[in-house]
Amino acid sequence: MSENKKGLGLFALIGFVVSSCIGSGVYATTGQLANVAAPGPALIAWCIAGVGFLFLALSLSSLGSQKPEIEGIYGYAKGGFGPFCGFISGWGYWLSAWLGNVGFGTMIANVLAGAFPAIFSTGTAGSPNFIAIVGVSAFLWLITFLVINGVESAAFLNAVVMVVKIASIAAFIIFCIICFQGGVFTADFWGQASANAAIMAQNDVELGSVTTQVINCILIMMWMFIGIEGATVMNARAERKSDVGKATVIGLITLLVLYIGATILPYGVMPYEELIAAPSPATVTVFDYMAPGWGGTFMNAAIIISVLGCWLSFTMLPAETSSGMSNDHLLPASWNKMNAKNAPQMALIIVGACTQVFLVIAYFAADAYTFAISMCTVTIIISWSFAAAYQIRLGIEQNDVKSIAFGGIALLFQVASVVLSGWVWMLLACLGYIPGFIFYGQARKEAGAEKALTRNEMIGAAAIAVLGIISIPLTVIGVIPVF
């Protein structure tokens with residue numbers, strides 16, 4: 001494969017990693033973490049998440065170096081475990097990416113409701129009305145049109161937006177450092193006294209033990225790293241394949257510095273009971289507390305720019321993935337139809353339509369943002385896990401202990417995260433695979449296979465479908481908290 005096939009350089013690839021990850025998460029997580037953990041457990045959770053994602057990044061970097069011919073994160077599952085696993089990984093990534101767009105849309109709707117309540121709010125603080133959803137839908141199709149008119153030009157804009165994101169978060173962190181009060185930060189460092197009392201008064205739920213607090217932080221933090229594979233997904237368009245691994249590791253280090261600063265320092269800025277009472281996204285309230293009169297407005301503008309930039313990335317990534325899957329006969333050939341601008345127009349329109357439908361569904365959800373990010377997180381864990389498993393397999397084949405360790409730690413972290421905090425959402429995500437199996441069967445027939453699905457593939461598809469169907473009554477009775 002030619003090293004100069006497309007033209008995305010190191011900076012643009014780092015832009016995909018950082019800009020894909022920095023969307024709504026960093027702005028909302030400040031308040032989300034405060035509602036489930038005191039600063040001590042939150043720091044422990046960050047250490048665990050940092051190590052887990054470091055080994056995932058190292059695994060992706062290693063795979064990129066060893067298998068530069070593989071394009072797209074689903075390719076690792078296909079190369080290591082066959083076409084059906086490649087489909088499972090790719091379809092999970094595709095679901096995750098556009099469900100992330102639903103999360104971005106609900107975040108923008110929340111910001112609009114808070115900034116212009118007379119127009120976009122239902123009357124309840126931070127609660128968007130249907131006009132807000134219409135406005136967000138306009139953003140959705142504007143971004144889709146932009147990407148349809150050229151992926152490389154959209155990638156350049158994405159890298160520029162990355163700089164704006166980092167600058168705004170850096171400004172927030174600097175203000176937090178200036179306003180930081182050690183006494184406020186350490187008032188109840190482990191959440192066993194005043195912090196629990198504050199949570200009880202606010203939500204009638206205790207934080208729980210340190211272990212419980214750490215576990216509750218993990219799934220929230222996982223959402224903030226969705227996009228860490230951004231450079232890997234754009235592998236086919238990289239100017240130099242060697243830059244893909246570098247971009248992933250550099251992007252992760254940048255993200256950890258920004259995330260830890262933006263989510264932990266606010267514990268020392270505002271009294272705990274005020275921090276947990278802040279409407280989402282909490283960074284708006286915190287910045288307005290530090291810089292009365294303009295801080296909240298500045299952060300609202302930064303969030304809109306940041307989320308739109310991330311939305312841009314998450315429009316390109318699922319379309320790029322489905323286009324590649326079509327080329328590898330995991331999805332029908334129509335999903336890879338390119339327009340004159342070398343953009344997968346059909347795939348982009350499908351992504352836009354799915355996002356639009358779920359934006360309307362999310363409007364009726366009890367907590368639209370949590371619903372969207374939870375579904376987005378558990379589906380992408382499937383793709384991450386397959387990549388880590390392939391790293392383990394290569395390590396075993398090459399008798400490379402380091403590769404086995406990298407992949408093993410990354411895989412253990414992903415599986416443990418789902419088991420401890422996201423299994424109910426994984427059941428619901430299985431529903432999304434049912435229509436996908438139809439497309440997979442069609443693609444295999446187009447590729448000349450005698451049967452749409454082999455016997456083993458039928459068994460796997462049936463098991464996933466059954467798990468998805470089980471989620472329906474669990475959602476109705478409230479075990480899975482959607483409505």
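Report on the accompanying structure. (Residues numbered from 1 in each chain as written. Predicted model: local features only at pLDDT ≥ 70, side-chain atom pairs only at ≥ 80, totals over all residues. Heavy atoms only, no water.)

### Let's talk about the packing of aromatic side chains
For any pair of aromatic rings, geometry is given as the distance between the ring centres together with the angle between the planes. The condition is simple: When the centres of two rings from Phe, Tyr and Trp lie within 6.5 Å, Trp using its six-membered ring, the rings pair. Their planes under 30 degrees apart give stacked, over 60 give edge-to-face, and anything left gives tilted. Under the scheme used here, helices are H or I runs from DSSP no shorter than 4 residues and strands are E runs no shorter than 2 residues, and both carry numbers assigned from the N terminus. Buried residues are those whose accessible area, probed at 1.4 Å on protein chains only, stays under 20% of the maximum for their type, while exposed residues exceed 50% and partly exposed ones sit between those limits.
As enumerated under the stated definition, the model contains 34 aromatic pairs in all. Plain terms: the ring middles of Trp46 and Phe225 are 6.1 Å apart, the flat faces sit at 75° to each other, and that makes the pair edge-to-face. Taken together, the positions of Trp46 in helix α3 (residues 39-66) and Phe225 in the loop between α11 (210-223) and α12 (230-233) put the pair 179 residues apart, joining distant regions of the chain. A relative accessible area of 2% places Trp46 in the buried class.

### Looking at helix α16 (residues 295-327)
Threshold: Under the convention used throughout, the expected extent of a helix is 1.5 Å for every residue step, that is, one less than its residue count.
The terminal C-alpha atoms of α16, which comprises 33 residues, lie 48 Å apart, in line with the 48 Å expected from a rise of 1.5 Å per residue. Extensive coverage of α16 is indicated by the burial of 26 of its 33 residues. Among the residues trailing α16, His329 stands out with phi positive, at a value near 65°.

### Remarks on the state of the cysteines
To keep it simple, the criterion reads: For the purposes of this analysis, a disulfide is any pair of cysteine sulfur atoms at a distance within 2.5 Å.
The final tally for this structure, using the stated rule, is zero disulfides. Not part of a disulfide, Cys85 finds its nearest cysteine sulfur in Cys430, a span of 14 Å. Not part of a disulfide, Cys179 finds its nearest cysteine sulfur in Cys176, a span of 7.3 Å. The partly exposed category is assigned to Cys179, whose relative accessible area is 25%.

### Quick word on unusual backbone geometry
Notably, His329 is not glycine yet its phi reads approximately 65°, a positive angle. Positive phi is not limited to glycine here, since Asn399 has a value of about 55°. Relative to the helices and strands, Asn399 is located in the loop between α18 (368-398) and α19 (401-421).

### Re the environment of Met270
Applicable threshold: By definition in these notes, contact holds between two residues if any of their heavy atoms fall within 4.5 Å.
Note on placement: Met270 falls in the loop between α13 (242-264) and α14 (272-277). Note: C-alpha distance between Met270 and Leu428 (158 residues apart in sequence) is 37 Å. If sequence neighbours within four positions are ignored, Met270 has contacts with Val184, Leu275, Thr285, Val286 and Tyr289.

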